[in-house]
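What follows is each chain in one-letter form.
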Amino acid sequence: MACAQLSSDAAQEVAMNAKRPCEKAVRDLQVKGTTVQSVRVYGDSATVSFTGGDTAFLSDTKQGWRVDAAGCQPQAPSAPEDCEVQA
Amino acid sequence: MRRFLRDNSLSLGFGLIFLLALLGQAVAGHADYNDQQIAHHDDPVSLGHYVTSSSFAADVAENWQSEYLQFSLYILGTIWLIQRGSSESKRPGRSGRESDEEQKLGGHAEASSPKWARVGGLRTLVYSNSLLAIMTTIWLGSWLAQSVAGHISYNADQLDHQQLPLSFVHYVGSADFWSRTLQNWQSEFLAVGSMAILAVYLRQRGSPESKVVGAAHDETGGADQWTLRPRTRNQTLAGLPTLELRSVAATVAR
């Protein structure tokens, strides 16, 4: 179910890193935060911030909004965030 | 109908090639956008989706704003700045906003003058500056559109790379915004400056943007101004139509 919310690239990356099917591998991911703090949408891209500090990045695909990256934490200013799941 | 087309061929011709160029930009931009989408493992988008996207809007608006800035600055600058010998310039000595008589305002207006040039007061003040006001308004409007669309487009790109978005205020101070803006401004300023100086020495027969081919290099101003600058009274008055004779006579009398 959770894997269906991921973009195809992100789901493949999760399965490949864990060397297990995405549906099983996704349960071991360290993604913090359950309450949405803010949502920002720009064109076909969006970011969702959760209380607890994690951020997810989504894109609008033909199947609807899908998660490209999740469990993200900021690194250096202006640098890409470091993510638990990343396409 | 044929007369309408002939009398408005300059506006209609440029309106038509504008629409064709915009359509071409949309088609080529759509293909390029989808190439990038595929390279990033994203879904291709339809043409309709692309032409309503922030990416397309920013690309269009950034060119529009620079063109309207160019003309606004040119209208403003040529009130006071002179390029001796250029068809794009007023003659030396005519620098400034000019008298009501020269501008045919109020009591100096002619029967065919627009009403707002005749009535005086606020309406004449507004009408006297209406061209610059509208061109500047379109420039500022399209620059605002560029900043809004560019902000969305920039942040969408940021999110694609798992980078945090910028606020609007931070975006209008960003390198991306000023790079997009200045790369257009510099080309417009170059084109205007080079046109002003090249028109001193070069000619295009039949174009009102050029002096007549036989005009001296130090003759300043377009075809109408050229006829208003007689070497001798008799030389200039000979052969001119009645209406032009009147304005030449008024000029000589001054």
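Trainee: Describe the overall build of chain B, listing the residues and the values that go with them.
Mentor: The secondary structure content of chain B amounts to 12 helices and zero strands. The order of α-helices and β-strands along chain B, N terminus first, is α-α-α-α-α-α-α-α-α-α-α-α. The proportion of buried residues among the 254 residues of chain B is 20%. The contacts in chain B between residues at least 6 apart in sequence include a share of 50% that link residues at least 24 apart.

Trainee: A description of helix α9 (residues 175–201) of chain B should follow, citing residues and the corresponding values.
Mentor: All names here are of chain B. The terminal C-alpha atoms of α9, which comprises 27 residues, lie 39 Å apart, in line with the 39 Å expected from a rise of 1.5 Å per residue. Along α9, the residues classified as buried are F177, R180, A196 and A199. If you follow the buried residues of α9, they end up packed against α4 (54–80), α7 (130–160) and α8 (168–172).

Trainee: Any details on the sheet that holds strand β3 (residues 55–61) of chain A? Residues and values, ideally.
Mentor: Residues and elements named next belong to chain A. Strand order in the open sheet formed by five strands is β1-β2-β3-β4-β5, and the pairing between neighbours is antiparallel. The outermost strands of the open sheet, each flanked by one partner alone, are β1 (36–42) and β5 (82–86). Taken over all neighbouring pairs, the strand axes of this sheet differ in orientation by 25 degrees on average, direction set aside. Inspection of the sheet shows β1 paired to strand β2 (residues 45–50) by six bridges, in the antiparallel sense.

Trainee: Report on the nonpolar core, specifying residues and quantitative values.
Mentor: A10(A), A56(A), V67(A), A69(A), A70(A) and V85(A) are the most contacted members of the largest nonpolar core, which totals 22 residues. Secondary structure elements with two or more residues in this core: α1 (8–18), β3, β4 (64–73) and β5 of chain A together with α4 and α7 of chain B.

Trainee: Kindly report on the packing of α4(B) against α9(B), identifying the contributing residues and their values.
Mentor: When two helices pack together, their arrangement is given by the angle between the helix axes and the distance between those axes. All names here are of chain B. Taken N-terminus to C-terminus, the directions of α4 and α9 make an angle of 40 degrees; their axes are 9 Å apart at the nearest point. Relative to α9, α4 is oriented oblique. Crossing geometry of α4 relative to α9 is assigned as right-handed. On α9, the residues that touch E62, N63, S66, E67, L69, Q70 and Y74 of α4 are R180, T181, N184, W185, E188 and V192. Across the contact of α4 with α9, the residue classes break down as four nonpolar, five polar and four charged.

Trainee: Residue-level account of the packing of α7(B) against α9(B), with values.
Mentor: All names here are of chain B. Between α7 and α9, the least distance of the axes is 10 Å, while the angle of their chain directions is 130 degrees. Considered as vectors, α7 and α9 are oriented oblique to each other. Of the two possible hands of crossing, α7 and α9 adopt the one that is right-handed. Between α7 and α9, the contacting residues are S147, G150 and Y154 on the first element and D176, F177 and R180 on the second. Its residues assigned to classes, the contact of α7 with α9 shows two nonpolar, two polar and two charged.

Trainee: Could you give an account of the interface of chain A and chain B, with specific residues and numbers?
Mentor: The partner chain B presents 15 residues to the 19 residues of chain A that form the contact. Only β1, β2, β3, β4 and β5 of chain A provide two or more residues apiece to the side of chain A that touches chain B. Residue composition of the side of chain A that touches chain B, by class: seven nonpolar, seven polar and five charged.

Trainee: Tell me what's going on with unusual backbone geometry, and back it up with residues and numbers.
Mentor: Non-glycine residue S78(A) carries a positive phi angle of around 75 degrees. Summarising the element assignment, S78(A) is placed in the loop between β4 and β5. Note on S78(A): 10 C-beta atoms within 10 Å, which makes it exposed. The phi dihedral of Q162(B) falls on the positive side, at around 55 degrees, and the residue is not glycine. We classify Q162(B) as buried; it has 22 C-beta atoms within 10 Å.

Trainee: If you had to explain the confidence of the model for chain B to someone new, which residues and values would you point to?
Mentor: Residue and element names in this part refer to chain B. This prediction gives chain B a mean pLDDT of 90; 87% of its residues lie at or above 70. Residue range residues 226–246 is modelled with pLDDT below 50. Its contacts to residues more than four positions away, or to other chains, number 23 contacts. Both scores are available for the predicted complex, with the pTM at 0.85 and the ipTM at 0.92.

Trainee: Please provide a residue-by-residue account of the pairing of β2(A), values included.
Mentor: Residue and element names in this part refer to chain A. Where β2 meets β3, five bridges bridge the pair, whose relative direction is antiparallel. The residue of β3 that forms the bridge with S45 is S59. Where β2 folds back onto β3 in an antiparallel hairpin, the turn is made up of four residues, including G52, whose phi is positive at roughly 110 degrees.

About the thresholds
Residues numbered from 1 in each chain as written. Chains lettered and ligands numbered in written order. Predicted model: local features only at pLDDT ≥ 70, side-chain atom pairs only at ≥ 80, totals over all residues. Helix = DSSP H or I, 4+ residues; strand = E, 2+ residues; numbered from the N terminus. Buried ≥ 20, exposed ≤ 12 C-beta atoms within 10 Å, placed from the backbone. Contact = placed C-beta atoms within 7 Å. Expected span 1.5 Å × (residues − 1). Pairing = 2+ DSSP bridges. Axes fitted to C-alpha atoms, helices over the stretch in contact; angles between N-to-C directions. Core = buried A, V, L, I, M, F, W, Y, C linked by C-beta atoms within 7 Å. Parallel < 35°, antiparallel > 145°, perpendicular 65-115°, else oblique. Left-handed = near helix turned anticlockwise from the far one by under 90°. Nonpolar A, V, L, I, M, F, W, Y, C, P; charged D, E, K, R; others polar. pLDDT = per-residue confidence, 0-100.

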